[in-house]
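Structural overview
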Amino acid sequence: MLPDLSEYNWVIPDFVWELSEHIDLEKLAKALPEMEEIAKLLPDLDKIGENFSFLKSILSSGLSLGSEVKGASGLHLLLETSGEPPLNATDAAAAAAAAQDSSDKQYKKGLLGELIVIQQQIQRHEEEVRQAAAANSARPPPPPEPAPSPPPNPSLSPPQQKRKSSDKERLDQLQEELLRTQLKYQRMLERLEKENKELRKVVLQKDDKGIHQRKVKKSLIDMYSEVLDILSDYDSNYNTQDHLPRVVVVGDQSAGKTSVLEMIAQARIFPRGSGEMMTRSPVKVTLSEGPHHVAMFKDSGREFDLSKEDDLAALRREIELRMRKSVKEGQTVSPETISLSVKGPGIQRMVLVDLPGVISTVTAGMAADTKETIFSISKAYMQNPNAIILCIQDGSVDAERSIVTDLVSQMDPQGKRTIFVLTKVDLAEKNLASPSRIQQIVEGKLFPMKALGYFAVVTGKGSSGESIDSIKDYEEEFFQNSRLLRDGMLKAHQVTTKNLSLAVSDCFWKMVRESVEQQADVFKASRFNLETEWKNNYPRLRELDRNELFEKAKNEILDEVISLSQVTPKHWEAILQKKLWERVSTHVIENIYLPAAQTMNSGTFNTTVDIKLKQWTDKQLPHKALEVAWETLQEEFARFMAEYKGKDQDDIFDKLKEAVKDESIKRHKWNERAMDSLRVIQHNALEDRSITDKPQWDAAIQFMEETLQARLNDTESVIGDMVGPDWKQRWMNWTNRTPEQHIRNETKTELERLLKLHEDHTAYLANDEVTTVRKNLEGRGVEVDPVLIKDTWHQLYRRHFLQKALSHCNLCKRGFYYYQRHFVDSELECNDVVLFWRIQRMLGITANTLRQQLTNTEVRRLEKNVKEVLEDFGEDTEKKTHLITGRRVQLAEDLKKVREIQEKLEAFIEALHKEK
């Protein structure tokens, strides 16, 4: 580490302080001497202090120190003069060049050469001063003309002259020692400048490649603020409470809390309104000293320049926006903390939390529980035993109307960590008939509450357009002219926001030093408890927090999506053809095949089939095909995810994967532009009646036979449910028919007789036939409804038709020869086989077309949707918390947080000890 040179900036050029902006000082430190060597180069400040005291004591003896030489290097040199004008570096260098041309040649231009030239000029000038002093001591000084420095008195005694001579020698010795020290410094700085030039080249090269990352050393208060930010998000199940100090700013609404905080921060950073509640959520403000007056939110990289009014207005708008976003619907205030850091010259280092103002009455437009919510938020912050309570009281209103003082007294009855601030003292002095009442307040005699200190401040005249500087001037002017100070009612250290900020900062750091190590021990114990629980419950698992688990699940899901592209075309076409037939088979059988089969000749059969196929293709078939393809893609995606789950997959991802799958499918829009071309392909396939060879004929026969047999089995099952168990099932299972099943069975028996007599009966019963069946059943004592008769007939006729169709299918197995001759001179007609061939071929061609669309387009689009969903889920913390949950996840999260808190606390404590 480099030494802290900030205390010696009077001899350090400006460029040294700019090094950290361009180079890594840790790397540069390796090029410098060891600490012991550098320490030898540093001046002995105690000795120099003593010497400066001596110089001050002898200034009246005839010499004055006050001129400065400042060269191009930025180095300041303290010179001794005899009333002559100040000598600057350029003049000294020119004079040295005129006197010693030969000596100039041996020094190159640069920092060291300039310093040597200046040193030579200084020595020559000092010699001239000594000669002039000796000459002046030999003659009396001219009285009318004042000399810049009083000449020596010739009437001095020899001891006095001897003492004067020794003083002069000591002065010379001091000057030479100071110059030598500065020369040593300059040598070190020259090395730094040389290293700086070389490292700048390296830095620029890295910047060109985009790999430069600047290391910024965090300040002590920034380190502490980071710990508080982490703690604000930490919810432990081990009762590890956040007892780290911060300054809690509480007060009644419109008491001037925000104005006091702005005066401490030296900027009008908060939104304001006339009597309206503006602070709707806690605002944590980390104050620290810095070269520029800027503000920044913890979750944003934007810096607001507080010296510019536009940036101030933007900052106020952003704070107001964040407050309103944090407030849930139906609420007025929110416990969610907004974290802000403010840096600037002269700002006292501390962490303050501005809380919503305490109210006594809920007004129109506020939620009913606003008052209780504000009390709850305030108590939550104040019950921290190490929190410093900054209690703000409006001095312009009656003290008896204050609510916050009672609340503070409950939280800190002894007043060991409370600082009381009376605002608007100017109005109080003007309005109060007895100014001694203000004295009672600031002495703690009026309120029952106790406090460490009492302060009186003025935070402006009430105008939102006032600047901080004008408020400071007004405050100082008021107290200078106020009778409160003049009559001794207030002490000087009790007034102005400047004194207040100093006192609050001192209390804050005192509390930090007293409590931070104890809090670090508490988190150390909490970490041990959490690690013990993990070892006992999850000994073979790595400690992955929610974000790490999400990344792991993300990779698994993307692997599963990629697996879709590995599905073979044969598999795609097989499942597509099967699912498509399952979807359209009922329509084909019920609306195309059965109606056409009722016709009397092959011509009518083919005409009916062609018309119905055309209507089906134009209206329904393409839509059904796309629905099947989309469902197939979803099912295959789900199947791959389920299969991957079996490969030692962590079940903690199940909820996330299901959500990703559902959201991806929801976002996926099937490309329907191919529907028109699919319709043409299907229409052409159904128009083709040509069966080219015997294997195709046999395939059509098999397809038809399997379809009819499946339908026959379904019909038999329906009839069985209608009539109930037969005698064998009743005997074996001890079951009986219901009364309705008994009626159905009797109706079935009667209808079977009718169908046996008329095997070529049509699909529908005539009304007289229904009446005949009904009367026959009534003759046997069975009352039956005509609707039940027709319903039973439909199933019986369906079974009868399918049985006949299967018999016909067996006959057509040898009909390919007759088909080639167009069934000329043959009683066998197999047009139904041709129909099933056309359907089968259409299914195959459709499956092939859909498979191409799936593999070429839809799978890639689905993969893109999955990636987008995962990206969206990754940015949504609430959704990740909802989808990746469980004790294991929470334990890993707690472990990560506690370790981070403990490590940052330890780093802070180490830096705190170094600062001591």
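Keep in mind the model is a prediction, meaning the values are calculated, not measured.

What to know about the overall build of the chain
Within the chain one finds 33 helices and 11 strands. Each of the 916 residues in the chain was classed as buried or not, and the buried ones make up 45%. Looking at the chain alone, contacts between residues at least 24 apart form 78% of all its contacts between residues at least 6 apart.

Considering the sheet that holds strand β7 (residues 338–344)
Backbone-to-backbone hydrogen bonds join strands into a sheet, with any given pair of strands oriented parallel or antiparallel. In spatial order, the strands read β6-β5-β7-β4-β8-β3-β9-β10-β11; together these nine strands make up an open sheet with mixed pairing. Whereas interior strands pair on both sides, the edge strands pair on one side only; in this sheet they are β6 (304–305) and β11 (453–456). As paired elements, strand β3 (residues 247–251) and strand β8 (residues 350–354) share three bridges and run parallel to each other. Across the sheet, residue V249 finds its bridge partner in β8, namely D354. Seen against the sheet, helix α13 (residues 404–411) touches β3, β9 (388–394) and β10 (418–423) and runs at an angle of roughly 160 degrees to β9.

Topic: the packing of aromatic side chains
What the rule picks out here adds up to 14 aromatic pairs. Here W509 and F908 contribute two aromatic rings whose centre-to-centre distance is 6.4 Å and whose plane-to-plane angle is 25 degrees, an arrangement assigned as stacked. Of this pair, W509 sits in helix α18 (residues 497–537) while F908 sits in helix α33 (residues 887–915), and the two are 399 residues apart along the sequence. Accessibility assignment for this pair places W509 and F908 in one class, buried. Between Y593 and F801, the aromatic rings sit 5.7 Å apart at their centres with planes inclined by 55 degrees, giving tilted as the arrangement. Of the two residues, Y593 is situated in helix α20 (residues 569–597) and F801 in helix α29 (residues 786–811); the sequence distance between them amounts to 208 residues. Residue classification places Y593 among the buried residues on the basis of a relative accessible area of 3%.

Section: the state of the cysteines
This model, assessed by the stated rule, comprises one disulfide. Put simply, C812 and C830 are joined by a disulfide, and their sulfur atoms are 2.1 Å apart. Where C812 bonds to C830 through sulfur, the torsion about that S-S bond is close to -100 degrees, and the disulfide is left-handed. With C812 in the loop between α29 and α30 (816–820) and C830 in the loop between α30 and α31 (831–875), the pair connects residues that are 18 residues apart, well separated along the chain. One exposure class covers both C812 and C830, and it is buried.

Describing the pattern of salt bridges
Counted by the stated rule, this structure contains 46 salt bridges. In this structure, E627 and R583 form a salt bridge, with 3.2 Å as the shortest nitrogen-oxygen distance. In this pair, E627 is assigned in helix α22 (residues 621–645) and R583 in helix α20, connecting sequence segments 44 residues apart. Classification of E627 as partly exposed rests on a relative accessible area of 38%. Classification of R583 as partly exposed rests on a relative accessible area of 30%. Put simply, E716 and R799 hold a salt bridge, and the shortest N to O gap is 3.5 Å. Of this pair, E716 sits in helix α25 (residues 694–723) while R799 sits in helix α29, and the two are 83 residues apart along the sequence. By relative accessible area, E716 is classed as partly exposed at 32%. Three or more residues joined by partner-sharing salt bridges are found here, namely R527, E531, E543 and R899.

Structural notes on the environment of D654
Tracing the backbone through its elements, the reader meets D654 in helix α23 (residues 654–667). According to the relative accessible area criterion, D654 is partly exposed, its value standing at 26%.

Quick word on the pairing of strand β5 (residues 294–297)
Here β5 pairs with β6 via two bridges, running antiparallel. Its bridge partner lying in β6, A295 is registered against F304. Linking two consecutive strands that pair antiparallel, namely β5 and β6, is a turn of six residues. Relative to β7, β5 runs antiparallel, the two being bridged by four bridges.

Description of a negative patch on the surface
Together, D469, D473, E476 and E477 make up a region of like negative charge exposed at the surface. Of note, E477 is situated in helix α16 (residues 468–481). For E477, a relative accessible area of 47% translates into the label partly exposed.

A few points about the side chain of E531
The residue E531 is located in helix α18 in this model. Among all residues touching E531, those that are not within four sequence positions of it are L895 and R899.

Looking at the confidence of the model for the chain
Per-residue confidence for the chain gives a mean pLDDT of 77; residues scoring 70 or more make up 73%. Within the model, the stretch residues 207–216 combines pLDDT values under 50 with nine contacts to residues more than four positions away or in other chains.

Overview of α25
Over its 30 residues, α25 extends 43 Å from the first C-alpha to the last, a length consistent with the 44 Å expected when each residue adds 1.5 Å. Two or three places before Q696, at the start of α25, stands the capping residue D693, its side-chain oxygen 3.0 Å from that residue's backbone nitrogen. A positive phi of about 85 degrees marks G724, the residue just after α25.

Analysis parameters
- Residues numbered from 1 in each chain as written.
- Predicted model: local features only at pLDDT ≥ 70, side-chain atom pairs only at ≥ 80, totals over all residues.
- Heavy atoms only, no water.
- Helix = DSSP H or I, 4+ residues; strand = E, 2+ residues; numbered from the N terminus.
- Buried < 20%, exposed > 50% of the residue type's maximum accessible area, 1.4 Å probe, protein only.
- Contact = heavy atoms within 4.5 Å.
- Pairing = 2+ DSSP bridges.
- Axes fitted to C-alpha atoms, helices over the stretch in contact; angles between N-to-C directions.
- Phe/Tyr/Trp six-rings, centres within 6.5 Å; stacked < 30°, edge-to-face > 60°.
- Disulfide = S-S within 2.5 Å.
- Salt bridge = Lys/Arg side-chain N within 4 Å of Asp/Glu carboxyl O.
- Patch = residues over 30% accessible without salt bridge, like charges linked within 9 Å, V, L, I, M, F, W, Y side chains within 5 Å.
- Areas by Shrake-Rupley, 256 points an atom, 1.4 Å probe, with all protein chains shown as cover.
- Lys, Arg positive; Asp, Glu negative; His and termini not counted.
- Charge placed at Lys NZ, Arg CZ, Asp CG, Glu CD.
- pLDDT = per-residue confidence, 0-100.
- Expected span 1.5 Å × (residues − 1).
- Polar contact = N/O pair within 3.5 Å; in protein donor to acceptor, adjacent residues only side chain to side chain.

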